[in-house]
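Fold and contact review
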Amino acid sequence: MTSESEIGPGTPGPIFVLGSASPARLRILRAAGVEPVVRVSDVDEDALLAALPDSTPAGVVVAELARAKAEAVAALPEIAELAGSGSAVAVIGCDSMLHLGGRLLGKPHTPERAVAQWSEMRGRSADLLTGHHLIRLDRPATAGGTSSTTIHFAAADDHVIERYVASGEPLQVAGAFTLDGLGGWLVERIEGDPSSVIGIGLPLVRTLLADVGLSVTDFWRH
Ligand SMILES: Nc1nc2c(ncn2[C@H]2C[C@H](O)[C@@H](COP(=O)(O)OP(=O)(O)OP(=O)(O)O)O2)c(=O)[nH]1
């Protein structure tokens, strides 16, 4: 769990708020020169999914979840008040799911579901979708988008799948795999942006920041 960074008077320069509990998203941003303020949304993703019509396109589903997370964090009192801080303030929410065989899959949570999912996806390809929603607070504007990266999975044998699931890693990540962990042994290749697969698509966030009048370089700590 990441610690929630302190903010307040004297917080230097533009403020990037990551509305996510994901250590992967935080790691991606830090490695890319951004030290975000972290706040976790309390969005009930299952309830939101249940409320969406079955006909909702997969890219819209993850975009709607991302929007709900960003809006929940932007509404937190200590975040909302940043609008008057004199700094540029961007809040981002994200949501990743795997689009496999026409179904949208989140985190498997149980070993049984992870094994079943790997038995279906091994040797095949699927699209990892990550919805993004950006809210600028100091000069109200929003921008959103969904990145899609095609993942080509290895034709892993039962033993490897069982050992991978037993590691626990696939249970708490969208699509039951990681690109940057043990799962890396089981991804043959990808077509698209690797950061999107891990949790936040840097090239897309760069364009979303531009859409709300900000440059990604404003947030670089280097
Ligand atoms: N390290 C790593 N994590 C991954 C990868 N693919 C997916 N994930 C993680 C990132 C997210 O933490 C999680 C996707 O689930 P969600 O989009 O619902 O986010 P999560 O519930 O973790 O946090 P949030 O809802 O944003 O507070 O799966 C990967 O390739 N590498």
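Because the structure is predicted, anything quoted here is derived from the model rather than measured.

1. Let's talk about the overall build of the protein
Along the protein, the regular secondary structure elements total eight helices and seven strands. For 222 residues, the compact-globule estimate of 2.2 N^0.38 gives 17 Å, and the C-alpha radius of gyration of the protein, at 18 Å, lies within 12% of that figure. With respect to the principal axes defined by its C-alpha atoms, the protein has extents near 55 × 40 × 30 Å. Contacts spanning at least 24 positions in sequence make up 71% of the contacts within the protein whose residues lie at least 6 apart. Of the roughly 10400 Å² of accessible surface on the protein, 54% is carried by carbon and sulfur atoms. On the protein, the mean spot of the 17 positive side-chain charges and the mean spot of the 27 negative ones are 3 Å from each other.

2. Examining the nonpolar core
Counting 22 residues, the largest nonpolar core has Phe 16, Ile 92 and Leu 209 as the members making the most contacts within it. Counting residues per element, this core draws most heavily on helix H8 (residues 202-211), at four residues. Leu 100, Leu 105, Trp 118 and Ala 126 belong to the second-largest nonpolar core, a separate cluster that totals 20 residues.

3. Quick look at the UniProt feature "active site" (unreviewed entry) in the protein
UniProt annotation of "active site" (unreviewed entry) refers to Asp 95 when read in the numbering used here. Take Asp 95: it is sitting in strand E3 (residues 89-100). With near-sequence residues (within four places) excluded, Asp 95 lies in contact with Arg 25, Glu 45, Val 62, Leu 65, Ala 66, Lys 69, Leu 129, Thr 130 and Gly 131.

4. With respect to the pairing of E3
With eleven of its twelve residues buried, E3 lies for the most part within the structure. In the sheet, strand E1 (residues 15-18) pairs with E3 via four bridges, with the strands oriented parallel. Within the sheet, the bridge partner assigned to Ile 15 lies in E3 and is Val 89. In the sheet, E3 pairs with strand E5 (residues 125-136) via ten bridges, with the strands oriented antiparallel.

5. Quick word on unusual backbone geometry
Non-glycine residue His 109 carries a positive phi angle of around 70 degrees. With respect to the helices and strands, the residue His 109 is situated in the loop between strand E4 (103-105) and helix H5 (111-121). With a phi close to 65 degrees, Ala 176 is a non-glycine residue in the positive phi region. Secondary-structure assignment places Ala 176 in the loop between helix H6 (158-166) and strand E7 (187-191). In this structure Ala 176 comes out as buried when scored by relative accessible area, which is 0%.

6. Description of the site of the ligand
Close to the ligand lie 20 residues, the nearest being Ser 20, Lys 69, Lys 107, Leu 179 and Asp 180. Between the ligand and Ala 21 there is a distance of 2.8 Å, counted from an oxygen atom to a backbone nitrogen or oxygen. In the environment of the ligand, an oxygen atom lies 2.7 Å from a nitrogen or oxygen atom belonging to the backbone of Leu 179. In the complex, 90% of the free accessible area of the ligand, which totals 610 Å², lies under the protein chains. Where the shell around the ligand is concerned, the elements lending two or more residues are helix H1 (23-31), E3 and helix H7 (194-198). When the residues that make up the shell around the ligand are grouped by side-chain class, the tally is nine nonpolar, four polar and seven charged.

What counts as what
- Residues numbered from 1 in each chain as written.
- Predicted model: local features only at pLDDT ≥ 70, side-chain atom pairs only at ≥ 80, totals over all residues.
- Heavy atoms only, no water.
- Helix = DSSP H or I, 4+ residues; strand = E, 2+ residues; numbered from the N terminus.
- Rg over C-alpha atoms; globule rule 2.2 N^0.38 Å.
- Contact = heavy atoms within 4.5 Å.
- Areas by Shrake-Rupley, 256 points an atom, 1.4 Å probe, with all protein chains shown as cover.
- Lys, Arg positive; Asp, Glu negative; His and termini not counted.
- Charge placed at Lys NZ, Arg CZ, Asp CG, Glu CD.
- Core = buried A, V, L, I, M, F, W, Y, C linked by side-chain atoms within 4.5 Å.
- Buried < 20%, exposed > 50% of the residue type's maximum accessible area, 1.4 Å probe, protein only.
- UniProt positions renumbered as here; feature names shortened; annotations may be inferred.
- Pairing = 2+ DSSP bridges.
- Near = heavy atom within 4 Å.
- Polar contact = N/O pair within 3.5 Å; in protein donor to acceptor, adjacent residues only side chain to side chain.
- Nonpolar A, V, L, I, M, F, W, Y, C, P; charged D, E, K, R; others polar.

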